[in-house]
Amino acid sequence: MTHLRKRIVVVGHGMVGHRFVQAAIERGLTETHDITVLAAEARPAYDRVALTSYFEVGAKALSLLPKGRYDDPRVTLRTGSEVVAVSPRRRIVTLSTGEDLHYDALVLATGAYPFVPPVPGKDLPGVFVYRTIEDLEAIRKAARRARSGAVVGGGLLGLEAANALRRLGLETHVVELAPRLMAIQVDAAGGRTLSRHVERLGLSVHTGAMTEAILGARKVTGMALKDRKSLDVDLVVFSAGIRPQDSLARAAELAVAERGGILVDEHCRTSDEHIWAIGECAAPGGVMYGLVAPGYSMAEVVVDRLLGGEGSFEGADMSTKLKLLGVDVASFGDAHGTTEGALELTYADDVTGVYKKLVISEDGRRLLGGVLVGDASAYGVLRPLAASGLPLPDNPEDLILPAGGGGGLTLPTEAQVCSCNDVTKGDIIAAAEAGAVTRAGTTCGSCKAQTRKIIEDHYAGQGQVVDRSICEHFPLTRQELFDVVAVHGYRSFDRIVEAHGTGRGCDICKPAIASILASQLGGHVLAGSTRTLQDTNDAYLANIQRNGTYSVVPRIPGGEITPEGLIVIGEIARDHGLYTKITGGQRIDLLGARMEQLPAIWRRLVDAGFESGHAYGKALRTVKSCVGSTWCRYGVQDSVQLAIDLELRYRGLRSPHKLKGGVSGCARECAEARAKDFGVIATEKGWNLYVGGNGGATPAHARLLAGDLDTATLVRYLDRFLMYYVRTADRLQRTASWIDSLDGGLDRVREVVVDDVLGLGTELEEAMARHVDGYFDEWRATIEDPEKLARFVSFVNAPDVPDPDISFREERGQIAPAVSLGPTIPVGGAR
Amino acid sequence: MTPVCRVDQIEVEGGVAALVDGVAVAIFRTHDGNVYAMSNYDPCSRASVLARGIIGTRGGTPFVASPMHKQAFDLRTGQCLDDAAVRVPTYDVRVDEGVVLVGPRLESP
């Protein structure tokens, strides 16, 4: 007898439908079942939780299935396939094309649609909802011709939408019917604190305001509010809640909940035994859940049931933590204190805009829930504490007082840390020990910091402390050293090591301090006693090669060079017998120069108008460019001019690691700007600025820091970004890993650089201005200084004798280093 | 012994290369005023570069780090601190009235 494989049909490919398929593959359901996923949209599942970041990262980064298919061949994803009917009796679904598909089990994951209240004018051009990538695209397009916009709905998604409008440069209003923002999650006092934060960002908040009509004849011109002045807006976004997409189930006469949603039991089974419903379209016990985590739980339950398991959906943790408009907001457990006899403990600081509330059981022993606004750092400890029923410490107020942050508490192993993916503290530790990672923090991200801390604490507890001291001579990180030098105004290594270190330094701390002194003082890297701190490349202003010779790279800003320039470089290479090669940074490398030849080579380069390219330094290397709008038929901006300007502005800037830039004249990105530490890509309106890219062993794509900037703003942001990096990164830490190491990552960089939350903007710009003003060519300064020139001899006692250990052979018509076997010891050499 | 240079031609915590009987010798001066001499040839990278290394201390041991791949060599003995099997020959060296004199290659200690 042949074993017949069964077929599961999944309708809908949103986050929950995708999770169902993932779990089915992981847990082996596809060993016995074929799965067909029918998605009405052309786009496979994407991360709707992070929808607002679409403008920055694009659709590809949001996709949950970038390849567009599952690796398991037993799963078929059919996009653009709309289901129009379900026949439970015949067990078939019918597509809009008329095609019928048989199923053994049907999983409905059709999600929800945005609710638009029936107000006059709701169908006018200029009225949008906020749910899909297509919605965001339409909003972005309309925003180009708009000056101001309003979001109807001050809940979680409404504030996200408001942030999107603000980022698009619109004067933004938030209109909320309830008396406070985020009425579901926070209480009245928390809502007030949140409103103040939001208003400080320049948004207008209208709470307790009812939208009566959208005004306008052919398009939106304003909106009328009950008992208030109407608003002049060009664009309206409705974000007033969602409704379950249950029409297929209704037509198939499946039971639905009173308030909408496909009614399912605790196994997520509908009124038909072969049909299941999960996510926002489902209503377990009549209740619909508009968050992704409960949907994920439902998906897992159905997979478990289809495998013959006993899983059930036990209601959901509606805890939320997010950063809205730069403000931390969190609520968890019984946030509104509805449990009988519940007590409240609150802390409020109107000056800094922090509000925290704990809801505690009548006997004062257990945490039931809470609200955090303005500072949600304690969420990672408080939410699991509430969920696990662990007894409260004696002074629960310490949990929310400043400086407290719940840090003193230890979570039990079984405490759930990631509620989206049901990962416990024990899971995280077990995975870390096995060298693996859990799914914790991969959905909403709110538990990322807590997850990191659990791993760190675990290793610290085992005595495996990660020592971030730069080396044995200084118990400080590079950033701390930078601050120490700045605060005390040190100008020499001797003073620094005497005051803050031990011994006489090494090849790690000396170049790091040389770089810090160069960043703070300017001046020549070979001046005075700093020369002996430099790595050989900086010490000889050239790059050492395998046979002890050096390479010379003159600066060719933006890669633009005249025929005369090319000829001069060619002549110099020919006359000194150097090997030449084009570099990856659009310049020319001259290799095989013996140390004593360097000044003569520089002399000729400097005389021809060239200068050091700093190819030897932890410093700005090049700013690569395409030919841009001057020549290219696709170019929209003059990328060459900008690349030259940026390269000349930042040339010579000493940094924790080498720095590269790129400027592309259009979105075709021929300059590979996103593979650089800072990359600029031209748009119709200006420039998009990307940061944190690099090639090399660990390639990283730069991510968008800010978009559509004019040139002056671009330069201002770059000044701040680079100086902030120079000041705070670790030794040999490139921009990509520096950004990742900051708490908050790229968002933090944006807060500091764009929003200037630390108030450092002017200081960073001034530091860069000092660098720009203080720049000089190190090669020229060296050949004009006899004292520095004296170093460039092969032997102190035989300045003109070439080192006998350096020799060359010929390869492909040019020189190549020959291996030296070491000094030949004359007979009886060991006298 | 061969006079090679004045001691003040060597920076404190710096090095110079000298040609002694046709062989490249690296001469270093440390912060405490001592002068050391060893072969300029780095056996790890097979290049004549040690005089251009950074001088420092590990614990109480004065060392030079090869500018090529950063292996450290004890200035007193030439012993590689990162690889017990590697040692660089050292030379007798002395400062006489401000002049650095380099003598014969020393036997292994």
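Quick notes on the rules
Residues numbered from 1 in each chain as written. Chains lettered and ligands numbered in written order. Predicted model: local features only at pLDDT ≥ 70, side-chain atom pairs only at ≥ 80, totals over all residues. Heavy atoms only, no water. Helix = DSSP H or I, 4+ residues; strand = E, 2+ residues; numbered from the N terminus. Buried < 20%, exposed > 50% of the residue type's maximum accessible area, 1.4 Å probe, protein only. Contact = heavy atoms within 4.5 Å. Areas by Shrake-Rupley, 256 points an atom, 1.4 Å probe, with all protein chains shown as cover. Pairing = 2+ DSSP bridges. Axes fitted to C-alpha atoms, helices over the stretch in contact; angles between N-to-C directions. Buried area = accessible area lost by both parts, 1.4 Å probe. Salt bridge = Lys/Arg side-chain N within 4 Å of Asp/Glu carboxyl O. Polar contact = N/O pair within 3.5 Å; in protein donor to acceptor, adjacent residues only side chain to side chain. Nonpolar A, V, L, I, M, F, W, Y, C, P; charged D, E, K, R; others polar. Arc of directions from axis to C-beta. Phe/Tyr/Trp six-rings, centres within 6.5 Å; stacked < 30°, edge-to-face > 60°. Lys NZ or Arg CZ within 6 Å of the ring centre and 35° of its normal. Patch = residues over 30% accessible without salt bridge, like charges linked within 9 Å, V, L, I, M, F, W, Y side chains within 5 Å. Lys, Arg positive; Asp, Glu negative; His and termini not counted. Charge placed at Lys NZ, Arg CZ, Asp CG, Glu CD. 1 Å grid on protein atoms, 1.4 Å probe; cavity = no way out; pocket = protein on both sides within 12 Å on 5 of 7 lines; lining within 4 Å. Points joined across faces, edges and corners; volume = space filled by probe spheres on them.

Enquirer: Hey, could you go over the overall build of chain A for me, with residue numbers and the actual values?
Expert: A count of helical and extended segments in chain A gives 24 helices and 37 strands. Residues classed as buried in chain A amount to 54% of the 831 residues present. Long-range pairs, those at least 24 residues apart, make up 62% of the contacts in chain A with a sequence separation of at least 6. Within the structure as shown, chain A displays about 36,600 Å² of accessible surface, and the carbon and sulfur contribution to it stands at 50%.

Enquirer: Got a sec to walk through the pairing of strand β15 (residues 235-238) of chain A? Specific residues and values, please.
Expert: Residue and element names in this part refer to chain A. Neither face of β15 is left uncovered, since the one carrying Leu235 and Val237 and the one carrying Val236 and Phe238 both have all their residues buried. For strand β10 (residues 148-152) and β15, the ladder comprises 4 bridges, and the chain directions are parallel. Paired with Gly149 across the strands is Leu235, a residue of β15.

Enquirer: Can you explain the sheet that holds strand β18 (residues 275-277) of chain A? Please cite residues and give values.
Expert: All names here are of chain A. Spatial strand order, β3-β2-β1-β7-β18: 5 strands in an open sheet with parallel pairing. Every interior strand has two partners, whereas the edge strands, β3 (75-78) and β18, have only one. Within the sheet, the average angular offset between the axes of one strand and its neighbour, ignoring direction, is 15°. Of the strand pairs in this sheet, strand β7 (residues 105-108) and β18 are connected by 3 bridges, and their pairing is parallel. Pairing of Val107 across the sheet is with Trp276, part of β18.

Enquirer: A description of the interface of chain B and chain A should follow, citing residues and the corresponding values.
Expert: Listed by partner, the interface residues are 40 residues for chain B and 46 residues for chain A. Buried area between chain B and chain A, both sides added, is near 3,400 Å², and the carbon and sulfur share of it is 53%. Counting across the chain B and chain A interface gives 5 salt bridges. Run the count over chain B and chain A and you get 17 residue pairs in polar contact (both at pLDDT 80 or more). Tallied by class, the residues present in the side of chain B that touches chain A amount to 19 nonpolar, 12 polar and 9 charged.

Enquirer: Can you lay out helix α11 (residues 478-488) of chain A for me, pointing to particular residues and giving the numbers?
Expert: All names here are of chain A. Those residues of α11 not exposed but buried are Arg478, Leu481, Phe482, Val484 and Val485. All buried residues of α11 fall inside an arc of 165° around its axis, so they share one side. In this structure, the buried residues of α11 make contact with α12 (493-500), α13 (509-521) and α19 (711-728). Once α11 finishes, Gly489 follows within two positions and takes phi at roughly 65°, a positive value.

Enquirer: I'd love a proper account of the packing of aromatic side chains, names of residues and values included.
Expert: Taken as a whole and assessed by the stated rule, the structure comprises 12 aromatic pairs over all chains. Between Phe332 of chain A and Tyr379 of chain A, the aromatic rings sit 6.1 Å apart at their centres with planes inclined by 75°, giving edge-to-face as the arrangement. Of the two residues, Phe332 of chain A sits in strand β21 (residues 327-333) while Tyr379 of chain A sits in helix α8 (residues 379-388), which places them 47 residues apart along the sequence. You can call Phe332 of chain A buried: its relative accessible area is 1%. By way of ring pairs, the aromatic residues Tyr540, Tyr550, Trp602, Trp779 and Phe792 of chain A are connected into one cluster. Note that Lys510 of chain A overlies the ring of Phe493 of chain A, its terminal NZ or CZ placed 5.4 Å from the centroid. The lysine or arginine in question, Arg58 of chain B, covers the ring of Phe63 of chain B, its NZ or CZ lying 5.4 Å from the ring centre.

Enquirer: Any chance you could break down the sheet that holds strand β1 (residues 2-6) of chain B for me, citing the residues and the numbers?
Expert: In a beta sheet, neighbouring strands are held together by backbone hydrogen bonds and run either parallel or antiparallel to one another. All names here are of chain B. The 3 strands lie next to each other as β1-β11-β10, forming an open sheet whose pairing is antiparallel. The sheet is open, and its two borders are formed by β1 and β10 (91-96), each paired with just one other strand. In this sheet, neighbouring strand axes are inclined to one another by 30° on average, regardless of whether the strands run parallel or antiparallel. Here β10 runs beside strand β11 (residues 99-105); their pairing, made up of 5 bridges, is antiparallel. Bridge assignment links Tyr91 to a residue of β11, and that residue is Arg105.

Enquirer: With reference to specific residues and values, describe unusual backbone geometry.
Expert: It is generally the case that most residues other than glycine have a negative phi and that most peptide bonds are trans. Phi is positive for Arg812 of chain A, close to 45°, though the residue is something other than glycine. In this fold, Arg812 of chain A is placed in the loop between β36 (807-811) and β37 (814-818). Residue Arg812 of chain A is classed as exposed on the basis of its relative accessible area of 72%. Although it is not a glycine, Glu97 of chain B sits at a positive phi angle of roughly 50°. Among the secondary structure elements, Glu97 of chain B is positioned in the loop between β10 and β11. Under the relative-accessibility criterion, Glu97 of chain B is labelled exposed at 80%.

Enquirer: Kindly report on a positive patch on the surface, identifying the contributing residues and their values.
Expert: A surface patch of positive charge is lined by Lys141, Arg144, Arg145 and Lys219 of chain A. Residue Lys219 of chain A is classed as partly exposed on the basis of its relative accessible area, which comes to 47%.

Enquirer: Mind laying out the side chain of Glu160 of chain A, listing which residues take part and the relevant values?
Expert: Residues and elements named next belong to chain A. The topology assignment puts Glu160 in helix α4 (residues 156-167). In this structure, Glu160 is buried with no salt-bridge partner, the nearest side chain bearing the opposite charge being Arg167 at 8.2 Å. With residues up to four places along the chain from it excluded, the contact list for Glu160 reads Thr52, Tyr130, Leu322 and Leu324.

Enquirer: Please give an account of empty space enclosed by the protein that cites residues and values.
Expert: This structure, assessed with the given rule, holds 3 cavities of 30 Å³ or more. There is about 80 Å³ of room inside the largest cavity. Considering the residues around the largest cavity, the lining is formed by Arg531, Thr532, Gln534, Ala539 and Tyr540 of chain A together with Glu13, Gly14, Gly15, Ala51, Arg52, Gly53 and Ile54 of chain B. Contributing elements (two or more residues each) for the lining of the largest cavity: α14 (536-540) of chain A together with β2 (14-20) of chain B. Among the residues forming the lining of the largest cavity, the class breakdown is 4 nonpolar, 5 polar and 3 charged.

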